[in-house]
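The lines below spell out each chain.
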Amino acid sequence: MCGRFTLRVSPALLAEMFALHRKPEFVPQTNICPTQLVLGVVLNQENGLRDARLFRWGLIPHWAKDPVIGASLINARSETISTKPAFRAAFQRRRCLIPADGFYEWRNTPGQKKKQPIWIAIRNQPVFGFASLWETWTSADGSELNTCTIITTQANSAVAPIHQRMPVILPEAFHEHWLDPLADPAELLTLLRPFPSEGIVLSTTVADELLASHGLPRQRTLFD
DNA sequence: CCAGACGTTGTT
DNA sequence: GTCTGG
DNA sequence: CCAGACGTTGTT
DNA sequence: GTCTGG
């Protein structure tokens, strides 16, 4: 799955790598959590340009009465995304890319009391995009909330020893297809596969280094 | 027909 | 909103 | 994902 | 142990 990730690149690089209309405003982060605001790249249907927008991580279906459901919909299984009521509308009409430069999976070692976080990145890719969906939810008082979810797939052989599943990382060559509002759903589903194992980089120590390099306090939630 | 669910993950 | 179960 | 909380009663 | 909140 994918329950935490990092995004530390400059807005300028992000704009370049995702062909954004303009530079997004965001602060580099090394511990992005569910229910926080995350950056999502969408295709603006008005002008055909790519925009980066903020979404609350945890998709709330438009029909939900209680928005608390979003906290559990931080991931969507690629295998069932086109049929599940919570996701199929978003899959048809509201696809996006969530930029990241790494993500965490927790390894549960038998005999060890605590799970160990492993930081996972892609070789030679300073930033990449998670295949994602977004929704707009309207509350009883009429206020709107834009939310998103990250699509998961079976772990590749590099990640499998740590965890059974992993987020879908779309190679840059697939970005345009994924964001195309007229794309054929059946073809889109073929894009949702595990990233090639050869490109995977794992680290047990980088997380602490990342925090230090940004002068951020060590985060008890992850590393103690 | 209406009522109620609608999701993921890990763990057992 | 739309499907499933009763 | 992890961290942190984890309650009852009667009344409207 | 399990749910909620971030």
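Preceding this paragraph is the structure being described.
Residues numbered from 1 in each chain as written. Chains lettered and ligands numbered in written order. Predicted model: local features only at pLDDT ≥ 70, side-chain atom pairs only at ≥ 80, totals over all residues. Heavy atoms only, no water.

Enquirer: Help me understand the overall build of chain A in this model?
Expert: Helix and strand content of chain A: six helices and 13 strands. Against the globule reference of 17 Å for 224 residues, chain A gives a C-alpha radius of gyration of 17 Å, in line with a compact fold. Taking all 224 residues of chain A together, the buried fraction comes to 47%. In chain A, once contacts between residues fewer than 6 apart in sequence are set aside, the share between residues at least 24 apart is 66%. Only carbon and sulfur atoms are counted for the fraction: they give 52% of the accessible area of chain A, which is about 11400 Å². (Helix = DSSP H or I, 4+ residues; strand = E, 2+ residues; numbered from the N terminus. Rg over C-alpha atoms; globule rule 2.2 N^0.38 Å. Buried < 20%, exposed > 50% of the residue type's maximum accessible area, 1.4 Å probe, protein only. Contact = heavy atoms within 4.5 Å. Areas by Shrake-Rupley, 256 points an atom, 1.4 Å probe, with all protein chains shown as cover.)

Enquirer: When you look at the protein's contact with DNA strand C in this model, what are you seeing that I'm missing?
Expert: Taken together, H62, W63 and R88 form the complete shell of residues around DNA strand C. A breakdown of the atoms of DNA strand C within 4 Å of the protein gives sugar and phosphate a share of 38%. (Near = heavy atom within 4 Å.)

Enquirer: Just to check I follow, could you spell out the nonpolar core for this structure?
Expert: Side chains that are nonpolar tend, in soluble globular proteins, to be buried together. Ranked by internal contacts, the top residues of the largest apolar core, which has 57 residues, are F5, F103, F130, L133 and W178. A per-element tally of this core places strand β9 (residues 128–138) first, with five residues. Ignoring anything within four residues of it in the chain, the contact list for F103 reads C2, R4, F5, T6, I118, W119, I120, F128, F130, M166, P167 and I169. (Core = buried A, V, L, I, M, F, W, Y, C linked by side-chain atoms within 4.5 Å.)

Enquirer: Sorry if this is basic, but what is going on with the environment of S10 here?
Expert: For S10, the position within the fold is in the loop between β1 (5–7) and α1 (11–17). Sequence separation of S10 and W106 is 96 residues, and the distance between their C-alpha atoms is 27 Å. Side-chain polar atoms of S10 contact the backbone nitrogen of L13, separated by 3.0 Å. (Polar contact = N/O pair within 3.5 Å; in protein donor to acceptor, adjacent residues only side chain to side chain.)

Enquirer: Sorry, what's going on with the sheet that holds strand β7 (residues 102–107) here?
Expert: Picture the strands of a sheet paired through backbone hydrogen bonds; they go either parallel or antiparallel. Pairing is antiparallel across the open sheet formed by five strands, whose spatial order is β2-β1-β7-β8-β13. Of all strands in the sheet, those with a lone pairing partner are β2 (29–32) and β13 (200–203), marking the two edges. Taken pair by pair, the neighbouring strands of this sheet meet at an average axis angle of 30°, ignoring direction. Alignment of strand β8 (residues 116–122) against β13, held across four bridges, turns out to be antiparallel. In the strand pairing of β13, I122 is matched with I200. (Pairing = 2+ DSSP bridges. Axes fitted to C-alpha atoms, helices over the stretch in contact; angles between N-to-C directions.)

Enquirer: Which parts of the structure should I look at to understand helix α3 (residues 172–179)?
Expert: Residues spaced three or four apart along an α-helix face the same direction, because each turn holds 3.6 residues. Buried within α3 we find H175, W178 and L179. Angularly, the buried residues of α3 cover 80° about the axis, an arc narrow enough to put them on a single face. Facing away from the buried side of α3 by more than 90 degrees, the exposed set consists of A173 and E176. (Arc of directions from axis to C-beta.)

Enquirer: Can you help me understand the pattern of salt bridges in this one?
Expert: Oppositely charged side chains can pair when the atoms bearing their charge come close. Scanning the entire structure with this criterion turns up four salt bridges. A salt bridge links R77 to E79, with the shortest nitrogen-to-oxygen separation between them at 3.9 Å. Owing to a relative accessible area of 41%, R77 belongs among the partly exposed residues under this scheme. On the basis of relative accessible area, E79 is assigned to the partly exposed category, the value being 44%. Between E135 and R94 there is a salt bridge, with the nearest N and O atoms lying 3.0 Å from each other. Taken as a pair, E135 in strand β9 and R94 in the loop between α2 (88–93) and β6 (95–100) lie far apart in primary sequence, 41 residues in all. (Salt bridge = Lys/Arg side-chain N within 4 Å of Asp/Glu carboxyl O.)

Enquirer: Mind showing me how you'd approach the pairing of β9 here?
Expert: Within a regular strand, side chains alternate between the sheet's two faces. Counted residue by residue, β9 has nine buried out of eleven residues, so it is predominantly covered. As paired strands, β6 and β9 are joined by six bridges and run antiparallel to one another. Residue pairing for β9: P99 is matched across the bridge by G129. As judged from the two bridges shared by β9 and strand β12 (residues 169–170), these two strands associate in the antiparallel manner. Bridge pairing in β12 links F130 to I169. Summarising the sheet, β9 and strand β10 (residues 144–154) pair through seven bridges and their orientation is antiparallel. Bridged to T136 within β10 is N146. Where β9 folds back onto β10 in an antiparallel hairpin, the turn is made up of five residues, including G142, whose phi is positive at roughly 95°.

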